[in-house]
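# Architecture at a glance
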Amino acid sequence: MAVRKGTSRYYTPEHDAFRKTLRRFVEKEITPYVSDWEDAGRFPRELYRKAADLGLLAMGFPEAVGGTPVDGFYQLILTEELCRCGSGGIVAGLMSHGIGAPPIATLGSPALQHEVLPRIFSGESISALAISEPGGGSDVASLRTTAVRDGENYIVNGEKTFITSGMRADYLTTAVRTGGEGMGGVSLLLIPGDSPGLSKTELKKMGWWCSDTATLHFDDCRVPARYLLGPENAGCMGIMQNFNNERLFIAVMAWAFAKLCFDEALAWAKDRTTFGKPLIRHQVIRHKLVDMQTAIQGARATLEDLTWRVDQGEWPVAEVCMMKNRATQCMELCAKEAVQILGGLGYMQGSISERVYRETKVLSIGGGAEEIMKELAARQSGWLA
Ligand SMILES: Cc1cc2nc3c(=O)[nH]c(=O)nc-3n(C[C@H](O)[C@H](O)[C@H](O)COP(=O)(O)OP(=O)(O)OC[C@H]3O[C@@H](n4cnc5c(N)ncnc54)[C@H](O)[C@@H]3O)c2cc1C
């Protein structure tokens, strides 16, 4: 491995420069507006274009499809720095193409890639991933939305729910049943957001207020057959590969938000005086801060190690599952303790920790819930063989 001369053994000066540019972008274009966008339940579509102008939406995709290939540390920095705005809703919504577009880039026909990906990378079109259904999200192999071939089209019937960017997505990468039972009968189909027979219901939620979340209803929805991603009934691999990346992305988000809570709590603990001395002079409070920092540092070390291993070509499914749980547990601890250290202020809107506290659960449920991650980690470790 080449010697790296950036801020740690994993980061080059180019990584550090990218971080600086991104930090300025987030401070100027996102952070000042977060509270307004959260209250409005929406961030402007224009933000996709601004992010695209900086090249953020093409990052990590192959050059052959118009993307900008980068190593995993650029992607880690991208997520970490976006999270500094303090709203998971913005990060999840702005980056929903991160789970929606990879199957197009790897499985779509060249003509389809050419038609769709430049629009997503330029911020003109929004991409989303639709796997979960009202009948269940964890048990993907039992999904019931069907797509039946009819000449040059598929006819889609069923429902998807909890879909991030579902209301305004122009392209929905959708898991559908084209064959028999189980994962062997599942395909991925790209469904345009304005397809006839597709209707949408907006959902209200505990956190992530400014991301749109929708239930999608397919009622004899007609989709051109050329929008199929990969061969029929071979959607399993695309879905699984996507999950691995999504789980690493969620882990970075959770760790980054944990850090924000720590920073806010530390600043408050130094500033706030009770019983004649700053909070941090009370042992109980500084020990809470140490517990938070212990979890944060542990998460950072394993995240960077995993990122490096994935860059070397490994696909460590069990470790990624455990990483997601470790990071989300770290976020839950840090949000809980930060709100406690902030006292009543931590319960008030306007503090970062209040918002992050409301956003903890979505990360330990979405992209594979904590219980499912443990089960997958156990199975992938070969303990049941
Ligand atoms: C804000 C938000 C955004 C989302 N965005 C998307 C999106 O963009 N695209 C998408 O496809 N999905 C999305 N999801 C859905 C998410 O992936 C699912 O909620 C998740 O996979 C869990 O599925 P479920 O809600 O149906 O819970 P269920 O599968 O019904 O499970 C309920 C609970 O039971 C536990 N459980 C289930 N089976 C077992 C078992 N065998 N053993 C032990 N415990 C078990 C689960 O861990 C969970 O805690 C989003 C969810 C939220 C909340």
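Scroll up to find the structure.
Note that this is a predicted model, so its numbers are computed, not measured.

Rules behind the numbers
- Residues numbered from 1 in each chain as written.
- Predicted model: local features only at pLDDT ≥ 70, side-chain atom pairs only at ≥ 80, totals over all residues.
- Heavy atoms only, no water.
- Salt bridge = Lys/Arg side-chain N within 4 Å of Asp/Glu carboxyl O.
- Helix = DSSP H or I, 4+ residues; strand = E, 2+ residues; numbered from the N terminus.
- Patch = residues over 30% accessible without salt bridge, like charges linked within 9 Å, V, L, I, M, F, W, Y side chains within 5 Å.
- Areas by Shrake-Rupley, 256 points an atom, 1.4 Å probe, with all protein chains shown as cover.
- Pairing = 2+ DSSP bridges.
- Near = heavy atom within 4 Å.
- Polar contact = N/O pair within 3.5 Å; in protein donor to acceptor, adjacent residues only side chain to side chain.
- Nonpolar A, V, L, I, M, F, W, Y, C, P; charged D, E, K, R; others polar.
- Expected span 1.5 Å × (residues − 1).
- Buried < 20%, exposed > 50% of the residue type's maximum accessible area, 1.4 Å probe, protein only.
- Contact = heavy atoms within 4.5 Å.

## Notes on the pattern of salt bridges
- Applying the stated criterion across every chain, the model contains 22 salt bridges.
- Its salt-bridge partner being Glu81, residue Arg23 comes within 2.9 Å of it at the nearest N-O pair. Placement of the pair is Arg23 in helix H1 (residues 13–30) and Glu81 in helix H4 (residues 72–83), with a sequence separation of 58 residues.
- Of the charged contacts, one joins Arg222 and Asp150 as a salt bridge, the two residues approaching to 3.5 Å between their closest N and O atoms. Placement of Arg222 in strand S7 (residues 213–224) and of Asp150 in strand S2 (residues 146–150) is noted, with a sequence separation of 72 residues between them.
- Members of the salt-bridge network, linked through shared partners, are Arg19, Arg23, Glu80, Glu81, Arg84 and Lys259.

## A short note on a nonpolar patch on the surface
- Taken together, the side chains of Met237, Met240 and Trp315 define a hydrophobic patch exposed on the protein surface, amounting to about 310 Å² of accessible area.
- Residue placement: Met240 occurs in helix H9 (residues 235–271).

## Details of the pairing of S7
- Looking at chain direction, strand S3 (residues 153–164) and S7 are connected through nine bridges and run antiparallel. Directly across from Ile163, in S7, lies its bridge partner Ala214.
- Where strand S6 (residues 198–202) lies against S7, five bridges are found, and the strand directions are antiparallel. Bridge pairing in S7 links Thr201 to Thr215.

## Some words on the site of the ligand
- For the ligand, the set of nearby residues contains 18 residues, the closest of which are Ile131, Gly137, Ser138, Phe162 and Glu371.
- Interatomic distance of 2.7 Å between a backbone N/O atom of Gly137 and an oxygen atom of the ligand.
- In isolation the ligand exposes 970 Å². Once the protein is present, 62% of that is buried.
- For the shell around the ligand, the secondary structure elements donating two or more residues are strand S1 (127–130), S3, helix H14 (360–365) and helix H15 (370–380).
- No other element matches S3, which puts three residues into the shell around the ligand.
- Looking at the shell around the ligand residue by residue, the class counts come to 10 nonpolar, seven polar and one charged.

## With respect to helix H10 (residues 283–311)
- Here H10 is 29 residues long and its end C-alpha atoms lie 42 Å apart, about the 42 Å a rise of 1.5 Å per residue gives.
- What H10 keeps buried is the set Ile285, Lys288, Leu289, Met292, Ile296, Gly298, Ala299, Leu303, Glu304, Leu306, Thr307 and Arg309.
- Here the buried face of H10 lies against H4, H9 and helix H11 (317–342).

## Topic: the environment of Glu370
- Along the polypeptide, Glu370 turns up in helix H15.
- Glu370 sits 45 residues away from Asn325 along the chain, and the two C-alpha atoms are 6.0 Å apart.
- Residues contacting Glu370, with those up to four places away along its chain left out, are Asn325, Thr328, Gln329 and Ser364.

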